[in-house]
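Summary of structural features
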Amino acid sequence: MRERRNRKHYINGNGFTLIELLVVIAIVSMLASVIVVSLNTTRNKGKFAAVQSNLNTVRSESELYYVGSSTYGTPITDSALCDSDIFNHSVINAAIVEATKNGSSDANSNRRCVIGANGQSWAVSIPLSDGGNWCVGSVGAGGSGIASGGGALAPAFCDSDAS
């Protein structure tokens, strides 16, 4: 008899109301949305770090290439293919491909690879998912910008004003 009375008492007043359950669900939903936004931000930062790392690999490998051949290759003003001379070296090309995968969705068609006058300079830029570009070259440090110059008369460089 006592067991029956306790069960009846629970049904009559000790449970959660619908309002209480809805409030808890709303709070959990808001926390979940904050976590999703935070994860997207972290994912974009990770992709940016991967682009930087891969382009730094291009920089160090290009110096090894230059030591061996005394040139970066035939001057070109702009190539989204990144497949000539220094950019065709297996390690350098693989690093550019990986950087492109972590760039923006149109990075494959909007990346730029430039070789300057007499094959003495180079620059590569990859579009980022946030709308900017990351550029590295044989002259100066990597940073925000677009690979510019190049060709028979001009050195290749990262143009920070063009980004």
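Below is a summary of the structure that appears in this document. Every value quoted in this text rests on a predicted model; they were computed, and no experiment measured them. (Residues numbered from 1 in each chain as written. Predicted model: local features only at pLDDT ≥ 70, side-chain atom pairs only at ≥ 80, totals over all residues. Heavy atoms only, no water.)

1. Some points on the packing of aromatic side chains
As a reminder of what qualifies: Stacked, tilted and edge-to-face are the three classes assigned to paired rings of Phe, Tyr and Trp, where Trp is represented by its six-membered ring and a pair needs centres within 6.5 Å; plane angles under 30 degrees give stacked, over 60 edge-to-face, the rest tilted.
Under the criterion given, the structure shown has three aromatic pairs. By the ring-pair criterion, three or more aromatic residues cluster together here, those being Tyr66, Tyr72 and Trp122.

2. Description of the sheet that holds strand E2 (residues 112-115)
Short version of the rule: Only strands joined by at least two bridges in the DSSP assignment are considered to pair. Helix numbers and strand numbers start at the N terminus; a helix is a DSSP run of H or I with at least 4 residues, a strand a run of E with at least 2.
If you walk across this open sheet you meet the five strands as E1-E2-E3-E4-E5, and the pairing is antiparallel. A single partner strand is all that each edge strand has here, and the edge strands are strand E1 (76-79) and strand E5 (143-144). Note that strand E3 (residues 122-127) and strand E4 (residues 133-137) share five bridges and pair antiparallel. Counted as the bridge partner of Ile126 is Trp134 from E4.

3. What to know about the environment of Asn133
Its location among the elements puts Asn133 in strand E4. Here the alpha-carbon distance between Asn133 and Ser79, two residues 54 residues apart in the chain, equals 16 Å.

4. Topic: unusual backbone geometry
Phi is mostly negative for residues that are not glycine, and the peptide bonds are mostly trans. The backbone of Cys82 sits at a positive phi, close to 50 degrees, despite the residue not being glycine. Turning to its location among the elements, Cys82 is positioned in the loop between E1 and helix H3 (90-102). For Asp85, which is not glycine, the phi torsion reads 45 degrees and is therefore positive. With respect to the helices and strands, the residue Asp85 is situated in the loop between E1 and H3.

5. What about the environment of Asp78?
Applicable threshold: Whether two residues are in contact is decided by their heavy atoms: any pair within 4.5 Å suffices. Polar contacts, as counted here, are pairs of nitrogen or oxygen atoms within 3.5 Å of one another; within protein the pair requires one atom able to donate a hydrogen and one able to accept it, and residues that are adjacent in sequence qualify only if both atoms are side-chain atoms.
With respect to the helices and strands, the residue Asp78 is situated in strand E1. Taking C-alpha positions, Asp78 is 9.9 Å from Ala156, a pair spaced 78 residues apart along the chain. Discounting residues that sit within four places of it in the chain, Asp78 has contacts with Arg112, Cys113 and Val114. Engagement of the side chain of Asp78 in a polar contact is seen with the side chain of Arg112, the distance being 3.5 Å.

6. Details of the state of the cysteines
So the rule is basically this: When the sulfur atoms of two cysteines come within 2.5 Å, that pair is taken as a disulfide. We call a residue buried when its accessible area falls under 20% of the maximum for its residue type, exposed when it is over 50%, and partly exposed in between, using a 1.4 Å probe and counting protein chains only.
Counted according to the given criterion, the structure contains two disulfides. In this model Cys82 forms its disulfide with Cys113; the gap between the sulfur atoms is 1.8 Å. Handedness here is read from the sign of the S-S torsion; for Cys82 and Cys113, about 90 degrees, the answer is right-handed. Of this pair, Cys82 sits in the loop between E1 and H3 while Cys113 sits in strand E2, placing them 31 residues apart in sequence. Like Cys82, the residue Cys113 is buried in the burial classification.

7. Overview of the nonpolar core
Quick note on the threshold: Side-chain atoms within 4.5 Å link the members of a nonpolar core, which is a set of buried Ala, Val, Leu, Ile, Met, Phe, Trp, Tyr and Cys residues.
Counting residues in hydrophobic clusters, the biggest one holds 20 residues, and the most contacted among them are Leu55, Val58, Phe87, Ile96, Trp122 and Val124. Of all the elements in the fold, those that place two or more residues in this core are helix H2 (18-69), H3, E2, E3 and E4. Broken down by element, the residue count for this core peaks at four residues, all from H3. Ignoring sequence-local partners within four residues, the contact set of Val58 consists of Ile92, Ala95, Ile96, Trp122 and Val124. Counting five residues, the second-largest nonpolar core is a separate cluster that includes Ala123, Cys135, Ala147 and Ala156.

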